[in-house]
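Results of the structural survey
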Amino acid sequence: MTDEGIPTNDLVLEGDLVIIDAAGVVRLRLDRETGSIFGHNSDGEVVLRWQVPGNNLSFGGHGQDGDLTIFDADANTVAGTAQAVLHINSQTGTLRIGGSGVDGRILGQDGENTQTFLIDAGAGSITVGNDGQEGTIQARNSSGQTTIRMDAENGNIRAGGGGVDGDLLLRGPDGALRVHLSADGQRMEIRDPDGEITAMMGGDANIRAGSNGRTGNLFLFPSDAGNIFSDGQASIALNGETGNASLGGSAGDGDLLLRDTGGATRVHLSASDQRLEIRDADGAITSMMGGDANIRVGTNGRSGNMYLYPRGADDIFDNTQATIELNADAGDIVLSNGDCAEEFRLATDAAVEAGQIVRLTKDGGVRATTRAYDSRVAGVVAGAGGLRPGIVLGRAQAGETSARVALMGQVYCWADAEPGEIEIGDILVSGSRFGHAMRASDPAKAFGAMIGKAMEPLACRTGLIRVLVNIS
């Protein structure tokens with residue numbers, strides 16, 4: 001030991017330590033003043049610098065890559081990088097941690113030595129936040145604005161903002177886009193392997209399911225359902241293929257309730273009661289269909305009426321266009337058509353037209369009259385002049401040719417004025433002209449052969465006149 005405290009077996013130099021190669025090029029220099037170490041390449045250029053002031057280490061440059069490799073105690077060679085557990089590669093700009101039986105991990109700690117993030121190669125995970133520190137991951141665009149933020153404190157993922165629409169894309173193993181959540185389109189798209197949209201939520205506040213070879217169905221399950229893929233356990237099912245809605249099932253009876261803006265039930269379709277109820281604003285039933293196969297209309301301050309319209313009607317709220325009205329207050333059935341008719345089978349080879357008088361035949365059929373004062377007269381074939389039967393009684397058997405014969409009420413009838421001028425109120429009977437009526441000039445013969453009374457005059461020839469049918 002010297003007087004200065006330096007071991008006697010140490011090499012002590014007053015100046016810099018310089019090592020040169022056989023070509024006389026400086027390859028290593030230890031600077032006396034700063035204690036820094038400099039490494040040079042074969043051209044004498046500095047490629048390694050360890051500056052003690054500032055404690056900085058830099059290497060590479062001048063055509064040489066600067067790599068840092070660190071090995072654990074189990075490495076049997078430090079040549080190359082294969083057994084390194086840490087490798088900083090300046091050529092590729094990569095940092096590799098782990099390998100050779102060691103899992104790579106990067107830990108970050110705050111000023112109080114609390115771990116706040118962990119990148120664990122063994123688990124393939126990134127953990128951010130811990131012990132009072134919320135975990136946040138942010139990605140910014142070239143303008144420095146955050147466009148993606150994952151916030152562990154609130155459990156949120158935010159994409160978009162800063163002039164950029166946020167989208168979430170999920171792809172299948174073949175790279176095909178299968179789910180697309182779009183902020184710009186304000187919708188979520190479900191796509192098939194061909195990229196066709198088969199379901200969509202959003203886009204003008206709609207839910208769309210189906211198309212492109214797939215049926216769109218909607219299933220809603222009760223809380224006690226055990227299998228969400230069992231369609232039979234759904235309590236509500238909408239089928240896009242058949243256009244059917246199914247309510248109820250194993251979970252209970254299905255009901256459909258329609259409410260007004262005040263929340264009152266105005267329409268109730270009940271599977272358990274097997275009926276449809278129409279209610280007023282106070283909840284009182286004013287109409288009901290079902291419940292022992294009945295239709296009930298009215299009560300609770302409302303008259304129950306029923307209107308039936310022909311196909312030519314153009315305003316269902318215009319009661320005058322209805323051909324049948326059932327009025328509960330008046331107790332009336334109002335028929336717009338004019339007579340009561342019954343279907344009769346036509347006799348063999350018989351042919352008749354509306355407005356003609358028919359007679360009974362021996363085989364129970366009817367045919368047009370050809371004889372004056374025919375006591376077998378049955379009535380007038382209904383439907384002439386725009387008047388239709390209000391009530392039709394009976395029906396001919398299938399396959400039979402038939403005619404609707406007016407038995408009472410108003411009809412248009414073919415009449416013949418040649419035997420005598422017809423005036424309003426005249427008794428009419430059958431004439432000798434085919435299917436025509438005439439005025440009864442002999443009251444005695446008219447008994448049992450009367451068709452009815454004329455409601456319109458006929459001065460001459462033949463024509464259709466309105467008749468009040470009254471067979472007697």
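Shown above is the structure to which this text applies.
Attention here is on the structure that accompanies the text. (Residues numbered from 1 in each chain as written. Predicted model: local features only at pLDDT ≥ 70, side-chain atom pairs only at ≥ 80, totals over all residues. Heavy atoms only, no water.)

A few points about the sheet that holds strand β27 (residues 285-290)
To be explicit about the condition: A pair of strands counts as paired when DSSP detects no fewer than two bridges linking them. Secondary structure elements follow DSSP: runs of H or I of four or more residues count as helices, runs of E of two or more count as strands, with numbering from the N terminus. In this analysis, axes come from line fits to C-alpha atoms, helices being fitted only over the stretch in contact, and the angle between any two N-to-C directions falls in the range 0 to 180 degrees.
Strand order across the open sheet formed by 5 strands is β24-β25-β26-β27-β28, with antiparallel pairing between neighbours. Each edge of the open sheet carries a strand with a single partner, namely β24 (255-259) and β28 (295-297). Put simply, the sheet's adjacent strands are angled 10 degrees from each other on average, direction ignored. Bridge analysis of β27 against β28 gives 3 bridges, and the strand direction is antiparallel. Looking across to β28, one finds that M288 is bridged to R296.

Focus: a nonpolar patch on the surface
Just so we agree on the cut-off: Grouping into patches uses exposed residues only, defined as over 30% relative accessible area, and leaves out salt-bridged ones; the cut-off is 9 Å for like charges and 5 Å for nonpolar side chains (Val, Leu, Ile, Met, Phe, Trp, Tyr). Method for areas: the Shrake-Rupley scheme with a 1.4 Å probe, in which residue coverage is limited to the protein chains shown. Throughout this description, the term salt bridge denotes a Lys or Arg side-chain nitrogen within 4 Å of a carboxyl oxygen of Asp or Glu. Buried residues are those whose accessible area, probed at 1.4 Å on protein chains only, stays under 20% of the maximum for their type, while exposed residues exceed 50% and partly exposed ones sit between those limits.
A contiguous nonpolar surface patch, about 620 Å² in accessible area, is contributed by L218, L220, I236, L238, L247, L256, L258 and L269. Sorting the residues of the nonpolar patch by element identifies β20 (217-220), β21 (236-239) and β24 as the ones contributing at least two each. Relative to the helices and strands, L258 is located in strand β24. By relative accessible area, L258 is classed as partly exposed at 43%.

Thoughts on the nonpolar core
Stated formally: Side-chain atoms within 4.5 Å link the members of a nonpolar core, which is a set of buried Ala, Val, Leu, Ile, Met, Phe, Trp, Tyr and Cys residues. In this description, contact between two residues means that some pair of their heavy atoms is separated by no more than 4.5 Å.
Of all hydrophobic cores here, the largest spans 19 residues; its most connected members are I357, V380, I422, L428 and I465. Elements with a minimum of two residues in this core: β35 (377-381), β37 (402-416), β40 (450-454) and β41 (462-470). If you tally residues by element for this core, the top one is β37, at 4 residues. Excluding anything up to four places from it in sequence, I422 contacts A415, D416, L428, M438, R439, A454, E456, P457, L458 and I465. Judged by nonpolar contacts, the second largest core, of 10 residues, contains A347, A378, V381 and A403.

Describing the layout of surface pockets
As a reminder of what qualifies: Only protein atoms enter the 1 Å grid, on which a cavity is a set of points fitting a 1.4 Å probe that cannot get out and a pocket is an open set with protein on both sides within 12 Å along at least 5 of 7 lines, lining residues being those with an atom within 4 Å of a point. Grid points are joined across faces, edges and corners, and a volume is the space filled by probe spheres set on the points. Residues are sorted three ways: Asp, Glu, Lys and Arg are charged, Ala, Val, Leu, Ile, Met, Phe, Trp, Tyr, Cys and Pro are nonpolar, and all the rest, Gly among them, are polar.
Taken as a whole, the largest pocket holds about 240 Å³ of empty space. I207, R208, A209, N217 and L218 are the residues nearest the centre of the largest pocket, which is lined by 14 residues in total. At the level of elements, β17 (187-191), β18 (197-202), β19 (207-209), β20 and β21 are the ones that each hand at least two residues to the lining of the largest pocket. In terms of residue class, the lining of the largest pocket is built from 9 nonpolar, 4 polar and 1 charged. In this structure, the second largest pocket encloses a volume near 170 Å³. Taken together, I148, I157, R158, A159, G166, D167, L168, L181, S182 and A183 make up the lining of the second largest pocket. Secondary-structure elements contributing two or more residues to the lining of the second largest pocket are β14 (156-159), β15 (167-171) and β16 (177-182). With 3 residues, β14 is the single largest residue contributor to the lining of the second largest pocket. Considering only residue class, the lining of the second largest pocket consists of 6 nonpolar, 2 polar and 2 charged.

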